[in-house]
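# Close look at the chain arrangement
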Amino acid sequence: MAPQLLWIGLGNMGRGMVKNLVEKGNLDKPLIIYNRTRKRSEELAATLPEGKTEIVDSLEDGIKKADIIFLIVSNDLAVQSIFDTALKGDVAGKLFIECSTIHPGTTERIAKAVTDKGAQFVASPVFGAPAAAAAGMLIFVPAGPKSSIEKLRPYIKGVMGKAEIPFEDQPYGQSLKLKLIGNSFILNMVTALGEGYTAADKTGVGAEPVKQLIDLLFGGVYSLYSERMINGTYWKMDEPLFSANGARKDAAHAMDMARGVGVELKALRVTDEYLKGVADHAGGDKGDLAGIYGSARNNAGLRFENDS
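Reference entry: report on the structure contained in this document. Not measured: the values here are computed from a predicted model. (Residues numbered from 1 in each chain as written. Predicted model: local features only at pLDDT ≥ 70, side-chain atom pairs only at ≥ 80, totals over all residues. Heavy atoms only, no water.)

## Digging into the pattern of salt bridges
As a reminder, the rule being used: We define a salt bridge as a side-chain nitrogen of Lys or Arg found within 4 Å of a carboxyl oxygen belonging to Asp or Glu. The way it works is that DSSP assigns letters per residue, a run of H or I at least four long becomes a helix, a run of E at least two long becomes a strand, and they are numbered from the N terminus. Accessibility here uses a 1.4 Å probe with only protein chains present; expressed as a share of the type maximum, an area under 20% marks a residue as buried, one over 50% as exposed, and anything in between as partly exposed.
Taken as a whole, this structure holds 22 salt bridges when the rule is applied. Two residues, Arg 38 and Glu 42, come together in a salt bridge whose shortest N-O distance is 2.7 Å. Taken together, the positions of Arg 38 and Glu 42, both in helix H2 (residues 38-45) and 4 residues apart, correspond to about one turn of that helix. Residue Arg 38 is classed as partly exposed on the basis of its relative accessible area, which comes to 36%. On the basis of relative accessibility, which here comes to 39%, the residue Glu 42 falls in the partly exposed class. For Lys 276, the salt bridge goes to Asp 280, with nearest N and O atoms at 3.0 Å. On the criterion of helical spacing, the pair formed by Lys 276 and Asp 280 is a turn pair, its members being 4 residues apart in helix H13 (residues 266-282). Taking the relative accessible area as the measure of exposure, Lys 276 reaches 42% and is therefore partly exposed. Residues joined in a network through salt bridges with shared partners are Glu 150, Arg 153, Glu 164 and Glu 168.

Here it is in structure tokens:
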């Protein structure tokens, strides 16, 4: 019998992932969706084929109906809260696929609690921005028993993702360690860009020649973040693509993880200082990671906004 799927969390990433799961996942049953705010569930369902989703208001009801439960939410506390609720009921035989970016230690504790209740667990954070989620081009990093990961695979390539970096039959926390290392690359890259564009502003070189160099030399995600900076998207957007609070959470987890093995992530400390400036200016949940450019501009005596 085809499994019943439940999706928990409809933030920037979750909405795109659900869209692809519904439209490309060859699901035999409607995808059950749960979000803390029902309105967001209704808005998303209205954009998808009729009859392909079922909205639930109760997390308990959704989990009771489901065989495979995906979740991707904002932070460790949100993940823990969901599992505190889920594990009050009978979850034996169910598979939880946890895609949020949380601390490896949190992942290991939750995985133990889940498996102690007779359920299966896969930790599978993803790499890619919301645009990649919408395009079905994410990179999945699943960790856990190979048999459980195999149940996830039909929903990765050609559906929600383009590739995977698996940790089969390895500790669940391994995938989160890679996720935090990878996110530290992205955070520090944005800092380098923000400082570079600020130096271009102050020296009179100007942003456009730097953008041309970035496109020719690096391209890809460097160019995408550059566009968010020089076009002013970082301060004009209504909803951040990667919030300052979310980025600071990832930086803190990465630095804590590294300290635990005797490594100091010095560059990430600088990035966190810039992110604090973004949060102070725009609000931690409203400010975007690319706002590091605005924070660097402030430090150099310029306006946060690059509109003058």
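Let us keep going from here.
## Concerning the packing of helix H8 (residues 173-203) against helix H9 (residues 207-217)
Put simply, the test is: Inter-axis angles, ranging from 0 to 180 degrees, are taken between N-to-C directions of lines fitted to C-alpha atoms, where helices are fitted over the stretch in contact. An angle below 35 degrees is read as roughly parallel, one above 145 as roughly antiparallel, one from 65 to 115 as roughly perpendicular, and any other as oblique. The contact criterion used throughout is that any non-hydrogen atoms of two residues lie within 4.5 Å. Throughout, the ten residues Ala, Val, Leu, Ile, Met, Phe, Trp, Tyr, Cys and Pro are labelled nonpolar, Asp, Glu, Lys and Arg are labelled charged, and all others, Gly among them, are labelled polar.
Following both chains from N to C, one finds H8 and H9 inclined at 140°, their axes separated by 8 Å at the closest point. Between H8 and H9, the angle is such that the two are oblique. Judged by residue contacts, Leu 193, Tyr 197, Ala 200 and Asp 201 of H8 engage Ala 207, Val 210, Lys 211 and Ile 214 from H9. Taken together, the residues of the contact of H8 with H9 break down into 6 nonpolar, no polar and 2 charged.

## Quick look at the pairing of strand E2 (residues 31-34)
To be explicit about the condition: Pairing between strands requires that DSSP locate at least two bridges from one strand to the other. Throughout, right-handed denotes a crossover for which the path from the first strand over the helix to the second runs clockwise when the strands point away from the viewer.
Here E2 shows a buried face lined by Leu 31 and Ile 33 and a second buried face lined by Ile 32 and Tyr 34. Sheet analysis places strand E1 (residues 5-8) next to E2, joined by 3 bridges and oriented parallel. Within E2, the position partnered with Ile 8 by the bridge is Tyr 34. For the handedness criterion, the β-α-β arrangement of E1, helix H1 (residues 12-24) and E2 is classed as right-handed.

## Points about unusual backbone geometry
Even without glycine at this site, Asn 26 takes up a positive phi of about 50°. Mapping Asn 26 onto the fold places it in the loop between H1 and E2.

## As for the packing of aromatic side chains
Note the following rule: Only the six-membered ring of Trp is used, alongside the rings of Phe and Tyr, when aromatic pairs are assigned; centres must lie within 6.5 Å, and planes under 30 degrees apart are stacked while those over 60 apart are edge-to-face, with the rest tilted. In our convention, an over-ring charge means Lys NZ or Arg CZ found within 6 Å of a ring centre and within 35 degrees of that ring's normal.
All chains considered together, the criterion is met by 9 aromatic pairs. A centroid spacing of 6.0 Å and a plane angle of 85° characterise the contact between Phe 70 and Tyr 155, whose relative ring orientation is edge-to-face. Placement of the pair is Phe 70 in strand E4 (residues 68-71) and Tyr 155 in the loop between helix H7 (146-152) and strand E10 (161-164), with a sequence separation of 85 residues. The class for Phe 70 is buried, based on a relative accessible area of 0%. Cation over ring: Lys 179 sits above Phe 127, and NZ or CZ is 4.6 Å from the ring centre.

Everything listed here is a matter of coordinates, which is why it stays silent on function.
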